[in-house]
Amino acid sequence: MSHDPEMDAPDLDFAGTTPYEDYVQADVLTHLQHPLSDDPGEMVFLVTTQVMELWFTVIVHEWETACRMLREDRIQGAVDALKRSVREFEALNASWTPLGQLTPAQFNSYRSALGDGSGFQSAMYRRMEFMLGDKSASMLVPHRGAPRVHAELEKALQEPSLYDETLRLLARRGLPVPKAVLDRDLSQKYDPSAEVEAVWAGIYSDADQQGELIRLGEALTDVGELVWRWRNDHLVATRRAMGSKTGTGGSAGVAWLEKRATKNVFPELWTARSHV
């Protein structure tokens, strides 16, 4: 019995663009790179930064899903979204690999192309930080000239963070989360609470009754660990590339990143472990 190899060939004849292109928009993505220097190393810096922005977008989507699930008391759905975001965050953190060993001379060869540009101006990264509870109204200022972006950030500033939604769920479960924590000004940075720490210590001390909440706590802790790794990888890459010089966009550079790297998100999930 003869076999016609063309019978197994994929369909190659399309009237317009391919279905793949229509879905992925690859032609758009692969033509968004416009290097501003002659240095061949600028391309990897530009693409890596754009890839980071795409990962920020996916992670924000997952955390918004997790927030909605928490509001609906669907803990497993929230844990599933958080676990997906953990895998995505690992990929995001791996994005530092192409940039992690830049020497000062290599970075200087195209640094001027950034002008006043700096990562702290990323609106999607700011949404991530707001969703982690690290709120600051002043961080909306750089985006006043972009009404849609500014409105999205303003909304994120006023909305409950991922941790706020978690604490509200714990309160609905009858756990003694203080009213002052539940009713706080959501546009302000979250401050740790001894009472919340005691709630988490109680949850972790009762694995038989609180397994579902422990799984939620661990999923949040996984996220928190990767945020900490992101900040430290950013710090190390910046130290290697520019030492202690002033950062792009007028930021304090390494000094600012060092301060950020010492901060934990979801603080009581870390400190409660000392009391279990």
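Refer to the structure above for everything that follows.
Residues numbered from 1 in each chain as written. Predicted model: local features only at pLDDT ≥ 70, side-chain atom pairs only at ≥ 80, totals over all residues. Heavy atoms only, no water.

J.: In this structure, what is going on with the side chain of Ser122? I would like to understand it.
T.: Within the secondary structure layout, Ser122 lies in the loop between helix H5 (104-111) and helix H6 (123-131). Given the relative accessible area of 8%, Ser122 is considered buried. Within polar-contact distance, the side chain of Ser122 engages the backbone nitrogen of Tyr125 at 3.1 Å. Setting aside its immediate chain neighbours within four residues, Ser122 contacts Glu53, Phe56 and His143. (Helix = DSSP H or I, 4+ residues; strand = E, 2+ residues; numbered from the N terminus. Buried < 20%, exposed > 50% of the residue type's maximum accessible area, 1.4 Å probe, protein only. Polar contact = N/O pair within 3.5 Å; in protein donor to acceptor, adjacent residues only side chain to side chain. Contact = heavy atoms within 4.5 Å.)

J.: What is the right way to read unusual backbone geometry from this model?
T.: If a residue is not glycine, its phi is most likely negative; likewise, a peptide bond is most likely trans. The phi dihedral of Gln25 falls on the positive side, at around 60 degrees, and the residue is not glycine. With respect to the helices and strands, the residue Gln25 is situated in the loop between helix H1 (19-24) and helix H2 (26-29). Of note in the backbone geometry, Phe266 takes a positive phi value of approximately 50 degrees without being a glycine.

J.: Can you help me understand helix H7 (residues 147-158) in this one?
T.: Since there are 3.6 residues in each turn of an α-helix, residues three or four apart along the chain are aligned in direction. With twelve residues, H7 ought to run about 16 Å at 1.5 Å a step, and its terminal C-alpha atoms sit 17 Å apart, in line with that. Considered for burial, the residues of H7 that qualify are Leu153, Ala156 and Leu157. The buried side chains of H7 occupy one side of the element, clustering within an arc of 105 degrees when seen end-on. In H7, the exposed residues that point more than 90 degrees away from the buried face are Pro147, Arg148 and Lys155. (Expected span 1.5 Å × (residues − 1). Arc of directions from axis to C-beta.)

J.: I keep staring at the environment of His275 and nothing clicks. Help me out?
T.: For His275, the location among the structural elements is in the segment after helix H13 (267-271). Each C-alpha atom of the pair His275 and Pro142 lies 42 Å from the other, and the pair is 133 residues apart in sequence. Residues contacting His275, with those up to four places away along its chain left out, are Glu197 and Ala201. At a separation of 3.3 Å, a polar atom in the side chain of His275 contacts the side chain of Glu197.

J.: Help me out: how do you make sense of the packing of helix H3 (residues 42-71) against H6 in this one?
T.: With their axes 9 Å apart at the nearest point, H3 and H6 run at an angle of 30 degrees to one another. Taken together, the axes of H3 and H6 are roughly parallel relative to one another. For the crossing formed where H3 meets H6, the hand is left-handed. Contact with H3, carried on its side by Glu53, Phe56, Thr57, Ile59, Val60, Trp63, Glu64 and Cys67, involves Met124, Tyr125, Arg127, Met128 and Met131 of H6 and no other residues of that element. Considered class by class, the residues forming the contact of H3 with H6 number nine nonpolar, one polar and three charged. (Axes fitted to C-alpha atoms, helices over the stretch in contact; angles between N-to-C directions. Parallel < 35°, antiparallel > 145°, perpendicular 65-115°, else oblique. Left-handed = near helix turned anticlockwise from the far one by under 90°. Nonpolar A, V, L, I, M, F, W, Y, C, P; charged D, E, K, R; others polar.)

J.: Explain the nonpolar core to me, please; I cannot follow it from the model alone.
T.: Within soluble globular proteins, side chains that are nonpolar tend to cluster in buried spots. Membership of the largest hydrophobic core comes to 59 residues, with the highest contact counts inside it found for Trp63, Leu170 and Trp200. Those elements giving two or more residues to this core turn out to be H3, helix H4 (75-94), H5, H6, helix H8 (162-172), helix H10 (194-204) and helix H11 (211-242). Ignoring anything within four residues of it in the chain, the contact list for Trp63 reads Leu82, Ser85, Phe89, Met128, Met131, Leu132, Leu162 and Val223. By size, the runner-up hydrophobic cluster in this structure holds seven residues, among which are Ala123, Met139, Leu140 and Leu153. (Core = buried A, V, L, I, M, F, W, Y, C linked by side-chain atoms within 4.5 Å.)

J.: Help me understand the pattern of salt bridges in this model?
T.: When the charged atoms of two side chains lie near each other, side chains of opposite charge can form a pair. The final tally for this structure, using the stated rule, is 17 salt bridges. In this structure, the salt-bridge partner of Glu62 is Arg84, at a minimum N-O distance of 3.0 Å. With Glu62 in helix H3 and Arg84 in helix H4, this pair connects stretches of sequence that are 22 residues apart. Residue classification places Glu62 among the buried positions, given a relative accessible area of 5%. Each of Glu64, Arg127, Arg148 and Glu152 takes part in a single network of salt bridges with overlapping partners. (Salt bridge = Lys/Arg side-chain N within 4 Å of Asp/Glu carboxyl O.)

J.: What is the right way to read the packing of H5 against H11 from this model?
T.: When two helices pack together, their arrangement is given by the angle between their axes and by how far apart the axes lie. Two elements in contact, H5 and H11, have axes separated by 6 Å at closest approach and are oriented at 85 degrees. Classified by the angle between their axes, H5 and H11 sit roughly perpendicular to one another. Judged by residue contacts, Pro104, Phe107 and Arg111 of H5 engage Arg240, Ala241 and Met242 from H11. Here the contact of H5 with H11 is built from residues that sort into four nonpolar, no polar and two charged.

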